[in-house]
Amino acid sequence: MMRTSDLVGSAARALRSNPLRSALTALGVIIGVASVVAMVALGSGAQAQVERSIASLGSNLLIVVPGAARGGGGVRGAAGGWDSLTLDDAAAIAAQVEGVLVVAPSQRSRAQVIANGANWNPQIEGVTPAYLTARDWEIAQGRFFDESEERQARRVVVLGATVANELFPNIDPIGETVRINGGSYEIIGVLESKGQSGFGMDQDDIVLAPFTTVKRRISGRNRRADTVSQISVKTVSEEYLTRVEEDVTNLLRQRHRTREGEDDFTVQNLSSITEAAAQTTQVFTYLLGGISAVSLLVGGIGIMNIMLVSVTERTREIGLRKALGARQADILHQFGLEAVALSVAGGIIGLVLGVLGAWLMTSLFNLPLVVAPQNAIMAIAFSGLVGVLFGAYPAWRAAKLDPIEALRRE
Amino acid sequence: MSAPLIEATNLVKLYKMGEETVHALDGVSFTIPHGGYCAIVGPSGSGKSTLMNILGGLDTPTQGRIVIEGADIGALDDEGLAQFRNRTIGFVFQSFNLLPRLTALENVELPMIYAGTSPKERREQAETLLARVGLGERMSHKPTQLSGGQQQRVAIARALAGKPALLLADEPTGALDTHTGQEILALFSQLNREGATVVLVTHDHEVAAATQRTIEMRDGRIVADHASGRSAA
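Here the structure is a predicted model, which is why all the values come from computation and not from measurement. (Residues numbered from 1 in each chain as written. Chains lettered and ligands numbered in written order. Predicted model: local features only at pLDDT ≥ 70, side-chain atom pairs only at ≥ 80, totals over all residues. Heavy atoms only, no water.)

(A) A look at the nonpolar core. In terms of nonpolar packing, the biggest core is built from 68 residues, with Ile-6, Phe-30, Leu-55 and Ile-66 of chain B touching the most fellow members. Per-element tally for this core: the top contributor is helix H12 (residues 373-400) of chain A, with seven residues. The contacts of Ile-6 of chain B, once residues within four sequence positions are left out, are Phe-30, Thr-31, Ile-32, Leu-55, Ile-66, Val-67, Ile-68, Leu-166 and Val-199 of chain B. In this structure, Leu-98, Ala-126, Met-139 and Phe-188 of chain B belong to the second largest nonpolar core, which totals 37 residues. (Core = buried A, V, L, I, M, F, W, Y, C linked by side-chain atoms within 4.5 Å. Buried < 20%, exposed > 50% of the residue type's maximum accessible area, 1.4 Å probe, protein only. Helix = DSSP H or I, 4+ residues; strand = E, 2+ residues; numbered from the N terminus. Contact = heavy atoms within 4.5 Å.)

(B) Quick look at the interface of chain B and chain A. With 27 residues of chain B at the interface, the matching set in chain A holds 24 residues. For the chain B face of the interface with chain A, the top three residues by lost area are Leu-58, Arg-101 and Tyr-114 of chain B, together amounting to 32%. Between chain B and chain A we count four salt bridges in total. As a salt-bridge pair, Arg-101 of chain B and Glu-317 of chain A come within 3.4 Å of each other at their nearest N and O atoms. Put simply, the parts of the chain that give the side of chain B that touches chain A at least two residues each are helix H2 (78-87), helix H3 (104-115) and helix H4 (119-132) of chain B. At six residues, H3 of chain B tops the list of elements feeding residues into the side of chain B that touches chain A. Partitioned by chemical class, the residues of the side of chain B that touches chain A number twelve nonpolar, seven polar and eight charged. (Buried area = accessible area lost by both parts, 1.4 Å probe. Salt bridge = Lys/Arg side-chain N within 4 Å of Asp/Glu carboxyl O. Nonpolar A, V, L, I, M, F, W, Y, C, P; charged D, E, K, R; others polar.)

(C) Quick peek at the confidence of the model for chain A. Looking at chain A as a whole, the pLDDT averages 86, with 94% of positions reaching at least 70. This stretch, residues 71-80 of chain A, has a pLDDT under 50; its non-local contacts, to residues over four places away or in other chains, come to 13 contacts. (pLDDT = per-residue confidence, 0-100.)

(D) Examining unusual backbone geometry more closely. A positive phi is found at Asp-136 of chain A, a non-glycine position, where the angle reads about 50°. For Asp-136 of chain A, the position within the fold is in the loop between helix H4 (130-134) and strand E8 (139-142). Looking at Asp-136 of chain A, the relative accessible area reads 36%, which means it is partly exposed. The backbone of Asn-10 of chain B shows a phi angle near 50°, a positive value even though the residue is not glycine. In this structure Asn-10 of chain B comes out as partly exposed when scored by relative accessible area, which is 47%.

(E) Up close: the side chain of Arg-327 of chain A. Along the polypeptide, Arg-327 of chain A turns up in the loop between helix H10 (315-323) and helix H11 (328-365). Of the residues examined, Arg-327 of chain A reaches a relative accessible area of 13% and is grouped as buried. At a separation of 3.0 Å, a polar atom in the side chain of Arg-327 of chain A contacts the side chain of Glu-79 of chain B. (Polar contact = N/O pair within 3.5 Å; in protein donor to acceptor, adjacent residues only side chain to side chain.)

(F) Quick peek at the packing of helix H2 (residues 19-55) of chain A against H12 of chain A. Residues and elements named next belong to chain A. Axis separation between H2 and H12 bottoms out at 11 Å; the angle between their running directions is 155°. Here H12 runs roughly antiparallel to H2, going by the angle between their axes. Crossing geometry of H2 relative to H12 is assigned as right-handed. On the side of H2, the interface is formed by Val-29, Val-33, Val-37 and Val-40, while H12 contributes Asn-375, Ala-379 and Ser-383. (Axes fitted to C-alpha atoms, helices over the stretch in contact; angles between N-to-C directions. Parallel < 35°, antiparallel > 145°, perpendicular 65-115°, else oblique. Left-handed = near helix turned anticlockwise from the far one by under 90°.)

(G) Spatial organisation of the pattern of salt bridges. By the definition in use, this model includes 25 salt bridges over all chains. Among the salt bridges present, the one from Arg-122 of chain B reaches Asp-6 of chain A, with a minimum N-O distance of 2.7 Å. Taken together, the residues Arg-122 of chain B in helix H4 and Asp-6 of chain A in helix H1 (residues 4-16) connect one chain to another. On the basis of relative accessible area, Arg-122 of chain B is assigned to the buried category, the value being 5%.

(H) Representation of empty space enclosed by the protein in the model. Residue and element names in this part refer to chain B. The full count for this structure, using the stated rule, is one cavity of 30 Å³ or more. Approximately 50 Å³ is the volume found for the largest cavity. Among the elements of the structure, H2, strand E6 (89-92) and helix H5 (148-160) are those that each provide at least two residues to the lining of the largest cavity. A breakdown of the residues in the lining of the largest cavity according to their chemical character gives seven nonpolar, two polar and two charged. (1 Å grid on protein atoms, 1.4 Å probe; cavity = no way out; pocket = protein on both sides within 12 Å on 5 of 7 lines; lining within 4 Å. Points joined across faces, edges and corners; volume = space filled by probe spheres on them.)

(I) Examining the pairing of strand E8 (residues 197-202) of chain B more closely. Residues and elements named next belong to chain B. The buried fraction of E8 is high, at six of six residues. Both faces of E8 are covered, namely the face carrying Thr-197, Val-199 and Val-201 and the face carrying Val-198, Leu-200 and Thr-202. Both strand E7 (residues 166-170) and E8 contribute to a ladder of five bridges, which runs parallel. Bridge pairing in E8 places Leu-168 opposite Val-199. For the crossover that starts at E7, traverses helix H6 (residues 178-193) and ends in the parallel E8, the hand is right-handed. (Pairing = 2+ DSSP bridges. Right-handed = clockwise from strand over helix to strand, strands pointing away.)

Here is the structure:
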């Protein structure tokens, strides 16, 4: 029986004796593994980014908007148009649907905001204090308005991070005033930054004001005072999402006297949007990884090719080794190990290059770098498998050589 | 008297060459005792190479029985043959067959690697053997740095590694000039005097004359078996 250390030593010696050939043979696997690792890391980064940004909208969240959904996401104005949702609807949801944590009606508007000699055109959102809870939003500086300020339609605003930076780049905005539609409003707080939403919108380009304030003073007095542009419904936990979605839909149908298919409102479930988006990027990741795996396969074929050449070149050596007492298994192991060593070395180098490449690309595209350890282990294991698969046939040919024929070969 | 080292009884080896069946060996019987020094002589096609391959455990007979050092060659499987070649036989080839990547020392160690001998013991044995064939000063040379005669000495040292019962040499002087060839034959004689059983396979009667006994072959049969020096041809 041959010692393992001798087996490894003889494989290493054979590979070292022709370093250029060994390097070029391993290059196929290096490129294959590097591209698989880089592509999967890039895809996972994109996936993490999408999940993170969609999660930033708020968790366990249903959003009810006026108008009927058409197909997947398009909204069509239906009977009742954009004024179909009211504060009473919000109150009814809060009172009658089980599993609801908070209900936050809001009125969206857009207006010029002037302060500090600069102006900005953010989204103005009239909200109730429940809005922060519904959207998992925190105050970074100052405070939020309370129920009584909301009821009294006080002239207070809380700025999104983008608005605060644009209008007050160097000074603390708390206590300063901004002018909106000619009226002046006191800044009582600044929101924590949320970044871009999954749909590419800057969520921090916003000014939050009391719902009543926006209704009465900003969004235009010609509209009804009790309509809302959105109702955010946060459930107590994820399990309630589907049931609450159904209950809210049924309740609003009852209140609006509509039937399925004629709804004048739409209930959006953010978790299902998150899932769909994550699934899309995951499919994308698999696709990229799959395409790269083809190059790994090509690398494996390169190994097989060179190993076959090597067996032919070393026919005499194989014959001699057999004459000196090498068993078929010894020859099989020797050549098999050479192939596996080539591909595993290629796999390790490819992994390093792949992570490096992924790091470069993710920093270029401003994505999080996600390299799961199991992916790294998979890459190495997979390259080892490639070595075994593509090294097996040449090694088997070597082991089966007839020593008499082999020794006669020039 | 103890059993002979080699006992061959009625060996037949058939090869199919297309439609034709060739009798490479056609009923060969002989014995060689321990410590013998014997030449198998014959022209090409006489069956001497086939006989050598069977003696070396590289091939098995179609019929007949050959027992070497208690091992029935025809009954061994691939693994058994490999072990037999490793432990019982020491091969010496016409073209030396040294591995060019390895040093003289490493070449001599090669059969001991397949025996599973420890690296330390291997090294010691290889050094002793190289010194014994007169190459104590050139252990770390690669084959290309050695002359033909020196390369064949390395090959003989390699054949001796693992203390085989039988030294089997195939035209060991065929690639050497006459003088160097004489030196190699002298080395075989010396090894034989020291106790080794040696079988030379050659077509050269002058080479055969250096041994004690000549077995002459023709057309797969033994046509003469006599003390060396007296040619029957």
